[in-house]
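Structure assessment
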Amino acid sequence: MLLGIAALGMTGTSVELTLLGHFEEPAQSVPLVVLSGCLAVIVWHFLSPTAVSVRMTRVAMILLIVTALVGVGLHFQGNLEFKRELYPELAGLDLFVESVTGVTPVFAPGSMLLLGLIGLTHTFRDPCLTHNRS
């Protein structure tokens, strides 16, 4: 069930990023590539559940989590630079708040973090690991 929820969320996120044109710069396509890779691993694990596919699912979900954290950082950094350029007098908490609430949604990549955690949760106590199947 958890794996299906994660896959559904990843599919929706991929569609949304595509519709938003989140590939104008090469770095913007990284989340789409990672999401596609994660979906491929999930499908593989669903069709052929083995200890190896469980471990690869874990690796993929950790990669998704890292990608999400980097995305939050990049979105914040982009907003910060924009706000500094537009309002050079801003500093401290005011600059932080303006950067967090800027044009680029800072916490949008957080949805990928949650999807990665859901997928990772699926791998705990997976029967493939307890039956010594490879």
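Here's what I pulled together on the structure shown here.

**Things to note about the pattern of salt bridges**
Any two side chains of opposite charge can pair, given that their charged atoms come close. All chains considered together, the criterion is met by 1 salt bridge. Of the charged contacts, one joins K83 and E98 as a salt bridge, the two residues approaching to 3.3 Å between their closest N and O atoms. With a gap of 15 residues between them, K83 in helix 3 (residues 51-86) and E98 in helix 4 (residues 92-100) connect regions that are remote in the sequence.

**Details of the side chain of H22**
With respect to the element layout, H22 can be found in the loop between helix 1 (2-19) and helix 2 (30-47). When its relative accessible area of 17% is taken as the criterion, H22 is described as buried. In this structure the side chain of H22 is engaged in a polar contact, spanning 2.8 Å, whose partner is the backbone oxygen of Q28. Each residue touching H22, except ones within four places of it in the same chain, is listed here: L17, Q28, S29, P31, L32 and H75.

**Quick word on helix 2**
With 18 residues, helix 2 extends 26 Å between its outermost C-alpha atoms, agreeing within 8% with the 26 Å of an ideal straight helix rising 1.5 Å per residue. Buried residues of helix 2: P31, L32, V34, L35, C38, L39, V41, I42 and H45, and no others.

**Observations concerning the nonpolar core**
Among the nonpolar cores identified, the biggest contains 20 residues, and M10, L35, C38, I42, M61 and L64 are the most heavily contacted of them. Where this core is concerned, the elements lending two or more residues are helix 1, helix 2, helix 3 and helix 5 (110-122). Here this core takes 7 residues from helix 2, the largest share from any one element. Once residues within four sequence positions are removed from consideration, M10 is found in contact with L35, C38, L39, I42, M61, L64 and L115.

**Some details on the layout of surface pockets**
Taken as a whole, the largest pocket holds about 720 Å³ of empty space. In this structure, the largest pocket is lined by 24 residues; those nearest its centre are H22, Q28, P31, H75 and T104. The set of elements that each furnish at least two residues to the lining of the largest pocket consists of helix 1, helix 2, helix 3 and helix 5. Among the elements that line the lining of the largest pocket, the one with the most residues is helix 3, at 6 residues. For the lining of the largest pocket, the per-class residue count stands at 11 nonpolar, 10 polar and 3 charged.

What counts, and where the lines are drawn
Position labels on residues start from 1 in each chain and follow its written sequence. For this predicted model, a pLDDT threshold of at least 70 governs which residues receive local features, and a threshold of 80 or more governs which side-chain atom pairs are given and counted, while totals over whole chains, interfaces and linings are taken from all residues. The side-chain values count all of the structure's non-hydrogen atoms but skip hydrogen atoms and water molecules. Salt bridges are defined as contacts in which a side-chain nitrogen from Lys or Arg sits within 4 Å of a carboxyl oxygen from Asp or Glu. Strands are runs of DSSP state E lasting at least 2 residues, helices are runs of H or I lasting at least 4, and numbering of each runs from the N terminus. Working definition: with a 1.4 Å probe on protein chains only, accessible area under 20% of the residue-type maximum means buried, over 50% means exposed, and in between means partly exposed. Throughout this description, a polar contact denotes any pair of N or O atoms lying within 3.5 Å of each other; where both atoms belong to protein, one of them has to be capable of donating a hydrogen while the other can accept it, and for residues adjacent in sequence the pair is counted only when both atoms sit in side chains. By definition in these notes, contact holds between two residues if any of their heavy atoms fall within 4.5 Å. An expected span of 1.5 Å times one less than the residue number is assigned to each helix. We define the nonpolar core as a collection of buried residues of types Ala, Val, Leu, Ile, Met, Phe, Trp, Tyr and Cys that are connected through side-chain atoms lying within 4.5 Å of one another. Cavity: a set of points on a 1 Å grid over the protein atoms alone where a 1.4 Å probe fits but cannot get out. Pocket: an open set with protein on both sides within 12 Å along at least five of seven lines, its lining residues, like those of a cavity, having an atom within 4 Å of a point. Grid points are joined across faces, edges and corners, and a volume is the space filled by probe spheres set on the points. As a working rule, the residues Ala, Val, Leu, Ile, Met, Phe, Trp, Tyr, Cys and Pro are called nonpolar, Asp, Glu, Lys and Arg charged, and the rest polar, with Gly in that last group.

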